[in-house]
Each structure stands twice: as C-alpha cells, then as structure tokens.
Amino acid sequence: MNPVELWRERSRNYWNEAIRYIRLMANGGLAIAVYGTLLMIGFYYQSFLEWLPAGFPVLLVLTILFAFLLTRSPVRTFVKEGDLVFLLPFEGQMGPYIRKAIVYSWLWQGAILFLILFLLAPLYLDRLPGELTALVVTMAVLVAAQLWNIVAEWTEIRQQFSAAHSRHRWLRFVVNVVFVYFLLQTAWWFAAVIALIMLAVMVLYYRPMHYNHPLKWETLIAREQQRLHSFYRLANAFTDVRHVKSTVHRRRWLAAPFERIRHQKANTYIYLYGKTFARSGDYLGICIRLAVVGALLIYAAPAAWDWMVLVVVGLFIYMTGAQMATIYNHHDVLLWPSIYPVPDMSRRRAVKSMVRWVLLVQTFWFAVITALTSVPMIMAALALLVGVAISLYYSEFQLNKYFDA
Amino acid sequence: MASLLHIEDLAGGYSPSKPVIEEVSFQVESGEIVGLIGLNGAGKSTTIKHILGLLEPINGTIHLRGKTMAEDLDSYRKRIGFIPETPILYEELTLWEHLRLTAMAYGVSDQDWQGRAEQLIETFRMKKMTHWFPSHFSKGMRQKVMVMCAFLIEPELYVVDEPFVGLDPVGIQSLLERMITMKKNGAGILMSTHILSTAEKHCDRFILLHQGRVYMQGTMEELRKQAEMPEADLDTLYIEMTKEESL
C-alpha cells in the first residue's frame, strides 16, 4: 500500500462528490445567496465603516475572531469507517499520508484566514495602528500560526479522553488570544516572544505527547464523519441530499390540521405529504429560510430601484417552488406508493395543491413585508399579483414538467 | 369462481436474456396458507415482486380472481396485502398514522378502520407506542407495524415475506393466530419463509423453488410421495432438494 497514492485517491473521491453537490447547490440557490451576500457587502461596507462608532472595540472583536479561527484547526483526514479494520495494521507507515493531510488542512484553513483578513482589511487600516506593510506581515504570521495550531490539534487528539481535548483547546485559545492581540497592535517584540514560547511548547510538550500516544482512529473517524455530515447538511439546505436523514419533529400545530381531512381514498396523499411537510426537517426549514432571506432583500432594496422588490418576490417564490417540488420524490425509496391502489393522478394532485398553498402563503408574507417598507403601496399590491401569478404557474405547469422529468 | 391467485408459466426477473425465474406455475385458493420455500436466491422475492406488480412478466401471466393487473389496476392492488421482509416505514408518521394512511389508501371506511386498528394494537401489544415515530421502534416493533397494516385492510390475498424474523415469540404467536383466523374467514395467504418447522405446522401446501423453477409442489403427503421419502419432514425434503445441483 502506498500512503501517498491512497491520500490522492481519497481526496480526489471526496472532491468529485463535493463538486457534484456544489453544482447542485448552485442550481438550488447557492449562487444567488452568494451573489446576494457579496452585493450586500459591497453596498453597505463603506457606510458600515462610517456608521461604526469610534468607541467600538475593533481590536477586541478581531482578536477573538482570529484566535477562534486559529484554535479550531480541524485536520481533514478522509478516513473511513472501514479503515479501523484495514488501515490499522499500516499505522506505522501512515506518516506520508498524515503529512499530506496536515498540509492540505493548513492550506485550506490558511486560505480561509487570508480571505477573512482580506475582507476586513479596510477595517484594519481604518481603526488599528498598522499600515499596509503591517497588514501583510500580520497575514503571513497568522497563516504560519495556523500551522502551529493544526499540528498541536493533531497531537492533542491522540489523547484518549475528550476532556483532555477540550482542556487543551481552551489553553490554546488563551495563547492565541494573547498572540493575536499583540500582533494586531503591531507590538512585534511581544508577539515574537509569544511565538518563541509557542515553538518551545511544540518541541518540549507536544513532541513527547506525539510519541507517547498512538493514533486514536475512532476519534478521527468520528470527527471526519461529523465534518462530512456538516457539509451534507449545508448542501441539504440548497438541494436534496438523500443520505442525510433529517430529524423528524412532531410539530403538532402544523401536523394536526391534516388529521382532520376527510377519510377517503382521494385524500391519501394529501395526508401523507401534509404530514411529511409538517414534520420533515427538509421542507418547512427551507421555506422559512427563503422567507427570511427574501424579506431581508426586499427590506434592503434601494429606494431608487423599487421594482427590484418584484424581481425578488418572483425569484423567491420560484425558488420556494423548486424546493417544495422535491417532496414528490420524498418517499420514493419506500415501496408503498408504488403498490397502493391509488391512481398516480391523485398523488400528483396532492403535491400540486400542497405546493400551491405553500407558495401562496409565501407570497402573502412577502407582500406584507413589502407593505411595511417605505416603497409605495402600489408595489405591495404588484408584489402580491406577481407572487400569486408565479405560484399558480409553478404549481400547475412547472410541476408537470418536474413529474415527467 | 376463478382461483384467487393463478400464476401460469411465469418467467421473470430484471433482464429478458437472464430470467431469474422460469416456468413458474402455481395457485393460491381462498382459505389456504401456501408456503413458498427455497434457498436464498431461489427466486422467492422475484416471484413476490411479480405478484405485487413491481416487475412485468417476461413471459406468462398472473391472474387475481381471473383478472390481470393490466385489466384492472386498482382492484388488483386492493386485493393484496403485503408484509415485506424488511419493514418499510414512513419516518414522518406515527404508528397510528401509518394505520390511518393505509386505511385511506385501501379504501377501508372511517367506521371500520379505527375499531380494527385498536384491536390490532391490543393484540400486538403496541398500545404504549401508538403515537411514537418509527425512529424509536426496535426492529421487531417495526415488523409489527407492517403486520398490523396488512391485517388492517383485510385483503383477499396476503403476500407475506419472511414474517417471523425479528418478532418476539408472543408476536409470532399473535401473527400465526391472526393468519389462521383470516384463512378461516376466506383469505388466501402466500408466505415465504425459512422457518421450516413453523411452515410445516401451519401451511396447507408448499411450493419448493430451486434455481428459479418450481422443484415440487403440493401438500406434505404429495411432496413425500414425489420424493419417495414417506417419513421425511419438510427439513429433510428441503435439504434433499438443495443437493440437486444445477438441473
């Protein structure tokens, strides 16, 4: 077994899958969310800086932010459950694999750190003592400190007990706070002293720890799965990830009304999809998220471009529809719908009326929000009109296309 | 009256060039329990999928009370109650809601279903779990939900795939008692199982499938006669069949 080869294969497999999901997410509204956020930042950044009171503790906030980013230094290992059986005998030869994992994680975390500091650069130059050169040096030093943290974290999780893990994390957080605090004030000498202490700790404390504890495979696997799961959950917010079992909530207030529908064959799927919508983590959550983001965008629409409101309403109703449509396939892995003596037409009708109702409620919500903002009242009426039109169009025609696809 | 279930010269599976089952013919009549017996991979599940209409026959026909599925889809499906080998549940529905959904789908009237449901819950000792979600059920409880859904609709034909796995002894007893009651009321039951001693005790006839074909079928007496083993029990006959390598 060649550990470097194995690493390449594992990371390639992961990225192949991740890219597929990212593509799906882009279709499912991620692109719009990212553009929206960037636009908002672009619009408001300058005025935000001007608005930020002089007394705001910029130094403290940035110190804690970066200390936090440094302290959480997860190592992506791409290990799998089966490794517990198959890779365990090769632990002694895993060195190159692990080095790859550490470098990979460093590059990623470093890039994130860089990006955040880059975004915060105007704030840094405006409120902190450092000039451009100091900013560049700070950036480089922070990225280097990230490597120290990653190696430290990697060593710490060789210990058996999670209490030891969190104790070390807290200590490391304190060290990082002090270090970043000096760094951001361009107190170079103090920072250098802390850096020396950190290096000494690495050699005198972490090295022996590394040799005294073997790898804890179960911890690694648990962490890896946690990380994968959080990626899938994120992806699940935009698209449909099958193997993420979303938790079921009772939500009596929303599920109970469907108990009162008439007991007849034609209502079978209204009952099933109604309860599914009410209780599954997938649908209600997405509708609410889209409702909140849409409302924020309506609220933020610049007064000169009040027609933007209509675009936002149309777009978000459509997006809500696209997310709701997937409820049609929600139970497809189960056998029952394919053997029930209920015509398929009645299943489609049930989905159509479900989606129609959800979209109309969403439309009403957006119209109310529009009415509450400063745009003319006529815009709220138009928003209602646009929303209703798209709701009806989507649930009647677009869904047919979805069913036949 | 036409046979309850009549399978004639059925060939089926996932690819026409490599059928999983071939020349399968048998009947299930009202008021009998028929055991479908065979090794893993003998074609039991494929046969069941064809009866449920999840697969289309490559050759041959399946009639339910004289009608194929194509002739009358909804009444065909309405006549069959299915208990799958591994429980298939809606994670979003409670036990009670599973029963109600099934009642709706199979057109059991509002007057009838609640009484039946309460009785089934009583019999299978699930009172405490009536409003639980499946995520809190053990394997055996999940299987009980499947059993209860099938008995709730009181179909003419029960298709039961390995029903005993995962059930506790009390559950197995209740299931057998129910099946016998339904049989007396005129239902037909086709049951696939590996628990041969139970099958021998409760089935009226047997269909032994081997490598996709019917190896023998009939009552215990008829099987013994065909195998020329007058004293043999079902276990022995079964082992004898598996010794027969590719025919």
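Just so you know, these numbers come straight off a predicted model, no measurement behind them.

### Some thoughts on the overall build of chain A
Right, so step 1: Counting its secondary structure elements, chain A contains 16 helices and 0 strands.
Right, so step 2: Here chain A, with 405 residues, has 29% of them falling under the buried criterion.
Right, so step 3: In chain A, once contacts between residues fewer than 6 apart in sequence are set aside, the share between residues at least 24 apart is 81%.

### Describing the overall build of chain B
Right, so step 1: Each helix and strand in chain B was counted, giving 9 helices and 9 strands.
Right, so step 2: Along the first, second and third principal axes, the C-alpha set of chain B runs to 50 × 40 × 35 Å.
Right, so step 3: Considering chain B as a whole, with its 247 residues, one finds that 44% of them fall into the buried category.
Right, so step 4: The contacts in chain B between residues at least 6 apart in sequence include a share of 71% that link residues at least 24 apart.

### Quick look at the UniProt feature "domain: ABC transporter" (unreviewed entry) in chain B
Right, so step 1: Per the UniProt record, the feature "domain: ABC transporter" (unreviewed entry) sits at residues 5-236 of chain B.
Right, so step 2: Taken as a whole, residues 5-236 of chain B contains 38% helix and 23% strand, while its terminal C-alpha atoms sit 28 Å from one another.

### Focus: the interface of chain B and chain A
Reports often express the size of an interface as the amount of accessible area lost when the parts come together.
Right, so step 1: Opposite the 21 residues of chain B that make contact, chain A presents 22 residues.
Right, so step 2: In terms of residues, the side of chain B that touches chain A owes the most to one element, helix α3 (residues 95-105) of chain B, which gives 4 residues.
Right, so step 3: Each residue belonging to the side of chain B that touches chain A can be placed in one class, and the counts come to 12 nonpolar, 2 polar and 7 charged.

### Side note on the packing of helix α13 (residues 308-325) of chain A against helix α15 (residues 344-372) of chain A
Residues and elements named next belong to chain A.
Right, so step 1: Remark: α13 packs on α15, axes separated minimally by 10 Å, with the N-to-C direction vectors making an angle of 155°. Classified by the angle their axes make, α13 and α15 are roughly antiparallel. Crossing of α13 over α15 shows right-handed handedness. Here α13 contributes V309, V313, F316, I317, T320, G321, M324 and A325 to the contact with α15, which in turn contributes V355, V358, L359, Q362, T363, F366 and T370.
Right, so step 2: Considering only residue class, the contact of α13 with α15 consists of 10 nonpolar, 5 polar and no charged.

### Brief notes about the domain arrangement of chain A
All names here are of chain A.
Right, so step 1: Once the domains are mapped, chain A shows domain 1 (3-234) and domain 2 (252-404).
Right, so step 2: Computed from C-alpha atoms alone, the centre-to-centre distance between domain 1 and domain 2 is 39 Å.
Right, so step 3: At the junction of the two partners, domain 1 supplies 4 residues and domain 2 supplies 4 residues.

### Brief notes about the sheet that holds strand β2 (residues 21-28) of chain B
Two strands in a sheet stick together by hydrogen bonds in their backbones, pointing the same way (parallel) or opposite ways (antiparallel).
All names here are of chain B.
Right, so step 1: What the 3 strands build is an open sheet, ordered β2-β1-β4; its pairing is antiparallel. Strands with a single pairing partner mark the edges of an open sheet, and in this sheet they are β2 and β4 (59-64). Ignoring which end each strand starts from, the neighbouring axes of this sheet average 15° apart.
Right, so step 2: Across 5 bridges, strand β1 (residues 5-12) lies against β4 in antiparallel orientation.

### Considerations on the UniProt feature "transmembrane region" (unreviewed entry) in chain A
All names here are of chain A.
Right, so step 1: Here the UniProt-annotated "transmembrane region" (unreviewed entry) positions come out as residues 21-45, 51-70, 101-120, 132-152, 173-206, 307-328 and 364-394.
Right, so step 2: The distance from the first to the last C-alpha atom of residues 51-70 is 29 Å, and the span holds 70% helix and 0% strand.
Right, so step 3: Secondary structure across residues 307-328 comprises 82% helix and 0% strand; the distance between its end C-alpha atoms is 34 Å.

### As for the domain arrangement of chain B
Residue and element names in this part refer to chain B.
Right, so step 1: Taken as a whole, chain B is organised into domain 1 (1-79 + 155-169 + 183-247) and domain 2 (90-154).
Right, so step 2: Computed over C-alpha atoms, the centres of domain 1 and domain 2 are 27 Å apart.
Right, so step 3: At the junction of the two partners, domain 1 supplies 7 residues and domain 2 supplies 9 residues.
Right, so step 4: By residue class, the composition of the side of domain 1 that touches domain 2 is 4 nonpolar, 1 polar and 2 charged.

### Regarding the environment of Y269(A)
Residues and elements named next belong to chain A.
Right, so step 1: By the secondary structure assignment, Y269 is in helix α11 (residues 268-279).
Right, so step 2: On a C-alpha basis, the gap between Y269 and M354 in space is 10.0 Å, while along the polypeptide they are 85 residues apart.
Right, so step 3: In contact with Y269, not counting residues within four places along its chain, are S346, R347 and A350.

### Focus on the sheet that holds strand β3 (residues 33-37) of chain B
Residue and element names in this part refer to chain B.
Right, so step 1: Read from one edge of the open sheet, 6 strands run β5-β6-β7-β3-β8-β9, paired in mixed fashion. Two strands in the sheet have a free side with no partner beyond their single neighbour: β5 (80-83) and β9 (213-218). Sheet twist, expressed as the mean angle between neighbouring strand axes with direction ignored, is 15°.
Right, so step 2: Bridge count between β3 and strand β7 (residues 188-192): 4 bridges; the pairing is parallel.

### Overview of the packing of α13(A) against helix α16 (residues 377-404) of chain A
Residue and element names in this part refer to chain A.
Right, so step 1: Two numbers describe how α13 lies on α16: the axes approach to 9 Å, and their chain directions differ by 30°. Judged by the inter-axis angle, α13 sits roughly parallel to α16. Regarding α13 and α16, the two cross each other, and that crossing is right-handed. Contacts between α13 and α16 involve V309, L310, V313, G314, I317, Y318, G321 and A325 from the former and M379, L382, A383, V386, G387, I390, S391, Y394, Q398, L399 and Y402 from the latter.
Right, so step 2: When the residues that make up the contact of α13 with α16 are grouped by side-chain class, the tally is 14 nonpolar, 5 polar and no charged.

### Notes on the pairing of β7(B)
Residues and elements named next belong to chain B.
Right, so step 1: The buried count for β7 comes to 5 of 5 residues, which makes it a mostly enclosed element.
Right, so step 2: Note that strand β6 (residues 157-161) and β7 share 5 bridges and pair parallel. Along β7, the bridge assignment pairs V160 with M191.

### Brief notes about helix α6 (residues 132-156) of chain A
Residue and element names in this part refer to chain A.
Right, so step 1: Look at α6: 36 Å from first C-alpha to last across 25 residues, which is about the 36 Å you get at 1.5 Å a residue.
Right, so step 2: If you check which residues of α6 are buried, you get T138, L142, A145, Q146, W148, N149, I150, A152, E153, W154 and E156.
Right, so step 3: Where α6 is buried, its residues touch α2 (58-71), α4 (95-119), α7 (162-184) and α8 (188-212).

### So, the pairing of β3(B)
Residue and element names in this part refer to chain B.
Right, so step 1: Burial runs high along β3: 5 of the 5 residues are buried.
Right, so step 2: Of the two faces of β3, the one lined by I33, G35 and I37 and the one lined by V34 and L36 are each fully buried.
Right, so step 3: The sheet contact formed by β3 and strand β8 (residues 205-210) spans 4 bridges and is parallel. Paired with L36 across the bridge in β8 is I207.

### With respect to unusual backbone geometry
Right, so step 1: The phi angle at F78(A) is positive, at roughly 55°, despite the residue not being glycine.
Right, so step 2: Along the polypeptide, F78(A) turns up in the loop between α2 and α3 (83-86).
Right, so step 3: On the neighbour-count criterion, F78(A) (21 C-beta atoms within 10 Å) is buried.
Right, so step 4: One non-glycine residue, R125(B), lies in the positive phi region at around 55°.
Right, so step 5: Following the sequence through the fold, R125(B) ends up in the loop between α4 (110-123) and α5 (139-152).
Right, so step 6: By C-beta crowding, R125(B) is classed as partly exposed, having 14 other C-beta atoms within 10 Å.

Criteria and thresholds
- Residues numbered from 1 in each chain as written.
- Chains lettered and ligands numbered in written order.
- Predicted model: local features only at pLDDT ≥ 70, side-chain atom pairs only at ≥ 80, totals over all residues.
- Helix = DSSP H or I, 4+ residues; strand = E, 2+ residues; numbered from the N terminus.
- Buried ≥ 20, exposed ≤ 12 C-beta atoms within 10 Å, placed from the backbone.
- Contact = placed C-beta atoms within 7 Å.
- UniProt positions renumbered as here; feature names shortened; annotations may be inferred.
- Nonpolar A, V, L, I, M, F, W, Y, C, P; charged D, E, K, R; others polar.
- Axes fitted to C-alpha atoms, helices over the stretch in contact; angles between N-to-C directions.
- Parallel < 35°, antiparallel > 145°, perpendicular 65-115°, else oblique.
- Left-handed = near helix turned anticlockwise from the far one by under 90°.
- Domains from an automatic or database assignment.
- Pairing = 2+ DSSP bridges.
- Expected span 1.5 Å × (residues − 1).

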